[in-house]
Amino acid sequence: MKNYSAEPGSPVVPSGETGAIKAVVLPADCAGMRFDQALANLFPEHSRSRLSAWVKAGRVTLDGNTSSSSQKVWGGEKVTVAPMDDPQISSFRAQDIPIDVVYEDDHLIVINKPAGLVVHPGSGNWDGTLLNALLQHAPLLEKIPRAGIVHRLDKDTSGLLVVAKTLITQTSLVRQLQDHSVAREYVAVVHGFVAHEGSVDAPIGRHKTQRVRMAVAPNGKPAITHYEPMEHLGQITVLRCRLETGRTHQIRVHLQSIGHPIVGDPVYGGSRKTPVFPRQALHAEKLALTHPATGRRRSWSARVPADMRKLIAGLKDAT
């Protein structure tokens, strides 16, 4: 019989099962908390949503019984946690795909993603993705859900994104994204003359009839994009865009909604075919966040890629 004795608040992994079952006696300062709140405090290496999923799956017990995430706890109860692997991880494989690492330490990696590289495996793109490249670059990411990817860029959008190398870092970054403290700035080349800076505050959801598209939708999720003109090139404007939220296709949808679709956008560009550009002219240029380990604010930048620089230079020559 396994020995699960523990001091209050001190997780214990049974002998011979390191990394498997964990046991803890809830400390008195958990009194009055929801079960999922207490778990999040005691196991910070796991996100609250992950812990709640384990509770629902019966992988977490309270005094030997399954429970609900909303149940109140009072301290002194014994909790056991049997982590459940992310079933997607086993289907991914490492591939030798070059990646541009802007910064890396023991906690996170900042990548400058090229246009054309899919971030995460999915329908029609089960390999050859950034995730596959990350597993080759840092094999330890095999043990992190989604190989540490906490946010994405569209396939044909270039630029910066951050990847977590530990569970604690992943949880911290997800929380920073949720509370909008991760700063992300983009450069976009758009149709039309944008005279002044402004903001688009419009919810985004799935298109009513074209399910692969997003659209401004009254019942969508809140979304805010700030923009300011950097350069005017006739009836083309180079914009700097700052995300306050991070919805799928957010900048592309918001700029289309105000009559300034991104040059080259095959989905949201409408009938505007000139100037010719083989992808949406959108680049994630700047990224800033609070480092989960040091607590210090860090920022990175990635130069606008050659294809967009060539596009802008050509437009200058034509004006």
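Residues numbered from 1 in each chain as written. Predicted model: local features only at pLDDT ≥ 70, side-chain atom pairs only at ≥ 80, totals over all residues. Heavy atoms only, no water.

Caption draft 1: Structural detail: the overall build of the chain. When helices and strands are counted, the chain shows six helices and 15 strands. In the chain, which comprises 319 residues, the proportion classed as buried is 46%. Contacts in the chain between residues far apart in sequence, at least 24 positions, make up 61% of those at least 6 positions apart. About 15,900 Å² of surface is accessible on the chain, with carbon and sulfur atoms providing 50% of the total. (Helix = DSSP H or I, 4+ residues; strand = E, 2+ residues; numbered from the N terminus. Buried < 20%, exposed > 50% of the residue type's maximum accessible area, 1.4 Å probe, protein only. Contact = heavy atoms within 4.5 Å. Areas by Shrake-Rupley, 256 points an atom, 1.4 Å probe, with all protein chains shown as cover.)

Caption draft 2: Highlighting the sheet that holds strand β1 (residues 22–25). Reading across from one edge, β1-β4-β2-β3 is the order of the four strands in this open sheet, with antiparallel pairing throughout. Of all strands in the sheet, those bounded by a partner on one side alone are β1 and β3 (65–66). In the packing of helix α1 (residues 35–42) onto the sheet, the strands contacted are β1, β2 (60–62) and β4 (78–81), and the crossing angle to β2 comes to about 115°. (Pairing = 2+ DSSP bridges. Axes fitted to C-alpha atoms, helices over the stretch in contact; angles between N-to-C directions.)

Caption draft 3: Fine view of the nonpolar core. In terms of nonpolar packing, the biggest core is built from 45 residues, with Leu-141 and Val-189 touching the most fellow members. Setting aside anything within four residues of it in sequence, one finds Leu-141 in contact with Ile-109, Leu-134, Leu-135, Ala-147, Val-163, Ala-164 and Lys-165. Leu-39, Val-55, Val-60 and Leu-62 belong to the second largest nonpolar core, which has 16 residues in total. (Core = buried A, V, L, I, M, F, W, Y, C linked by side-chain atoms within 4.5 Å.)

Caption draft 4: Representation of the pairing of strand β13 (residues 236–243) in the model. Counting buried positions along β13 yields seven of eight residues, so the element is predominantly enclosed. Pairing analysis gives eight bridges linking strand β8 (residues 183–191) to β13, with the strands arranged antiparallel. Residue pairing for β13: Glu-185 is matched across the bridge by Arg-242. The pairing of strand β12 (residues 224–233) with β13 spans eight bridges and is classified as antiparallel. Bridge assignment links Leu-233 to a residue of β13, and that residue is Ile-236. Remark: two residues form the turn of the hairpin made by β12 and β13, two consecutive strands paired antiparallel; Gly-234 in that turn has positive phi of roughly 70°.

Caption draft 5: Local environment of the environment of Asn-219. Among the structural elements, Asn-219 can be located in the loop between β11 (214–216) and β12. Taking the C-alpha atoms as reference points, Asn-219 and Gly-205, 14 residues apart in sequence, are found 7.1 Å from one another.

Caption draft 6: Focus on the pairing of β4. Here β1 runs beside β4; their pairing, made up of four bridges, is antiparallel. Pairing of Val-25 across the sheet is with Lys-78, part of β4. Examined bridge by bridge, β2 and β4 share three bridges and lie antiparallel to one another. Within β4, the position partnered with Leu-62 by the bridge is Val-79.

Caption draft 7: The arrangement of the pattern of salt bridges in detail. A complete count under the given rule lists eleven salt bridges for this structure. The partner of Arg-279 in a salt bridge is Asp-307, with the nearest N and O atoms 2.8 Å apart. Of this pair, Arg-279 sits in the loop between α5 (250–257) and β14 (282–290) while Asp-307 is found in helix α6 (residues 306–318), placing the two residues 28 residues apart along the sequence. What makes Asp-307 partly exposed here is its relative accessible area of 31%. A network of salt bridges, in which partner residues are shared, links Arg-34, Asp-36 and Arg-48. (Salt bridge = Lys/Arg side-chain N within 4 Å of Asp/Glu carboxyl O.)

Caption draft 8: Inspection of the confidence of the model for the chain at higher detail. When the pLDDT values of the chain are averaged, the result is 89; 92% of them are 70 or greater. Within the model, the stretch residues 1–19 combines pLDDT values under 50 with 34 contacts to residues more than four positions away or in other chains. (pLDDT = per-residue confidence, 0-100.)

Caption draft 9: Region of the structure containing the packing of α1 against helix α2 (residues 48–56). Viewed as axis vectors pointing N to C, α1 and α2 meet at an angle of 125°, and their least axial separation amounts to 9 Å. One way to sum up the angle between α1 and α2 is to call them oblique. Handedness of the crossing formed by α1 with α2: right-handed. Listed contacts from α2 to Phe-35, Asp-36, Gln-37, Leu-39 and Ala-40 of α1 are Arg-48, Leu-51, Ser-52 and Val-55. (Parallel < 35°, antiparallel > 145°, perpendicular 65-115°, else oblique. Left-handed = near helix turned anticlockwise from the far one by under 90°.)

Caption draft 10: Structural context of the environment of Pro-305. For Pro-305, the location among the structural elements is in the loop between β15 (297–301) and α6. If we skip the residues at most four places from it in the chain, Pro-305 touches Ser-158, Arg-279 and His-283.

Caption draft 11: Main features of the packing of aromatic side chains. Taken as a whole and assessed by the stated rule, the structure comprises one aromatic pair. An angle of 40° between the planes, with centres 5.5 Å apart, marks the rings of Tyr-103 and Trp-300 as tilted. Remark: Trp-300 occurs in strand β15 and Tyr-103 occurs in strand β5 (residues 100–104); sequence separation between them is 197 residues. With relative accessibility at 9%, the residue Trp-300 sits in the buried group. Here the guanidinium or amino end of Arg-298 rests over the ring plane of Tyr-103, the centre of that ring lying 4.7 Å away. (Phe/Tyr/Trp six-rings, centres within 6.5 Å; stacked < 30°, edge-to-face > 60°. Lys NZ or Arg CZ within 6 Å of the ring centre and 35° of its normal.)

Caption draft 12: Region of the structure containing α5. Judged by how many residues are buried, α5 sits mostly within the fold: six of eight residues are covered. The first or second residue beyond α5 is Gly-259, which carries a positive phi of 85°.

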